[in-house]
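Fold and contact review
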Amino acid sequence: MKTIRWGILGAGRIARKFAGDLQYAEGCVLIAVGSRSKESADEFNKEFPVKYAHESYEALVQNPEVDVIYIATPHNLHHENTLLCLQHNKAVLCEKPFAMNKKQAVEMIEMAKEKKIFLMEALWTKFHPHYIKMQEMVGQGLLGEIKSVLVNFGFKPAPPVPKRLFDPALGGGTLMDIGIYNVFIAMSVIGKPDHIDAVMTPSATGVDEQCAILFRYKNGALAQLFSTFSSNLATEADICGTEGRIRLTSRFYETSSNVEFYNERVDSKQVIPIQKEQGFGYQYEARHVNECLRNGLTESPVMSFADTLLLIETLDEIRKIAGIHYSADAGK
């Protein structure tokens, strides 16, 4: 079995979490990190010793020993960082949101297709056991017809507040940072909405400090989605049908979440057993990428290009309705 050799582009908090979880993904090794400064690369290397600690992204993508690169930079850089990797024939796992808008996403996907190189959006929740179990239960019809979805995700950032959360130049705001999970969960169980309502509360910098979204469907189903940086929310997801309800407990997007099933036919509550692993949960998507690369795939059958494009075009529509704008949208 070929050992997949990973590089990480970016050396911040999420890069460190991913690096720590790679040890739980079999048949791969982290051999390189690329940062924008020698100091940052060296600091990362102290915590996660790698064969190569590059002081530029260009040096990382030119490393012939690297098979695949995980992009762990702020949202606004995903487009240019992914294109840089693809131009140097490196497979890419790009952190969510995949891009700032659909136009950027299409450019990234078209280059990957043209060069026949693997590319996938790193929406880690889709690979977590609790999410997969929830999908199985919905698919088995245990809830009956899905009538409503309620998802909330909110926290009050503790000082020092990370700059990326409120900086429009970095793609700040709740929708692109955390609200994307709410949108993803809703569309996972009831699909693309027929109508969208959305409003936001702007922060002092103009990005959304709060965002409320309503998905409406022709069959009468509704999805209510709320994200905020103003207060700490339960951060749970309820999927409700005519026969029962599933609750993904706090934090619904992480492996720490439990699946609670409320069966209205027998008036019972059941906590579904989910096998837990060590780590944060990034190893699940890493395993999938390893498998795709060993099988010579250039597109994931789980997080497909169609999935990514549907998600980003829905986010684009929400932003347009709510009035959330970024400089990347100019000329779109």
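Above this note sits the structure.
Residues numbered from 1 in each chain as written. Predicted model: local features only at pLDDT ≥ 70, side-chain atom pairs only at ≥ 80, totals over all residues. Heavy atoms only, no water.

Attention shifts here to the pattern of salt bridges. All chains considered together, the criterion is met by 24 salt bridges. A salt bridge links glutamate 47 to arginine 16, with the shortest nitrogen-to-oxygen separation between them at 2.8 Å. One end of the pair, glutamate 47, is in helix H2 (residues 38-47); the other, arginine 16, is in helix H1 (residues 13-21), and 31 residues separate them in sequence. With relative accessibility at 47%, the residue glutamate 47 sits in the partly exposed group. Owing to a relative accessible area of 21%, arginine 16 belongs among the partly exposed residues under this scheme. Ionic pairing is found between glutamate 236 and arginine 247, a salt bridge with its closest N-O pair at 3.7 Å. Taken as a pair, glutamate 236 in the loop between strand S10 (222-228) and strand S11 (237-241) and arginine 247 in strand S12 (residues 244-248) lie far apart in primary sequence, 11 residues in all. Using a relative accessible area of 23% as the deciding quantity, one classes arginine 247 as partly exposed. Residues joined by salt bridges that share partners form a network here, namely Glu236, Asp238, Arg245 and Arg247. (Salt bridge = Lys/Arg side-chain N within 4 Å of Asp/Glu carboxyl O. Helix = DSSP H or I, 4+ residues; strand = E, 2+ residues; numbered from the N terminus. Buried < 20%, exposed > 50% of the residue type's maximum accessible area, 1.4 Å probe, protein only.)

This brings us to the sheet that holds strand S3 (residues 52-54). If you walk across this open sheet you meet the six strands as S3-S2-S1-S4-S5-S6, and the pairing is parallel. On the outer flanks of this sheet lie S3 and strand S6 (119-122), each paired with one strand and no other. Between one strand axis and the next, the sheet turns by 25° as a mean value, whatever way the strands run. Across four bridges, strand S1 (residues 4-9) lies against strand S4 (residues 68-71) in parallel orientation. Paired with leucine 9 across the strands is isoleucine 71, a residue of S4. In the packing of helix H8 (residues 283-294) onto the sheet, the strands contacted are S1, strand S2 (28-34), S4, strand S5 (91-95) and S6, and the crossing angle to S1 comes to about 125°. (Pairing = 2+ DSSP bridges. Axes fitted to C-alpha atoms, helices over the stretch in contact; angles between N-to-C directions. Contact = heavy atoms within 4.5 Å.)

What follows is about the packing of aromatic side chains. By convention here, two paired aromatic rings are described through the distance between centres and the angle between planes. Tallying each qualifying case throughout the model produces 13 aromatic pairs. Ring plane angle 80° and centroid distance 5.9 Å describe the contact between phenylalanine 153 and phenylalanine 252, whose orientation is recorded as edge-to-face. Of this pair, phenylalanine 153 sits in strand S7 (residues 146-154) while phenylalanine 252 sits in the loop between S12 and strand S13 (259-263); the two residues are 99 residues apart in sequence, bridging distant segments of the chain. With a relative accessible area of 5%, phenylalanine 153 lands in the buried category. Overall, the relative accessible area of 0% leaves phenylalanine 252 in the buried class. Through successive ring pairs, a cluster of aromatic residues spans Trp6, Phe18, Tyr70, Trp124 and Tyr282. A cation over a ring is seen here: lysine 17 above phenylalanine 280, with NZ or CZ 4.9 Å from the ring centre. (Phe/Tyr/Trp six-rings, centres within 6.5 Å; stacked < 30°, edge-to-face > 60°. Lys NZ or Arg CZ within 6 Å of the ring centre and 35° of its normal.)

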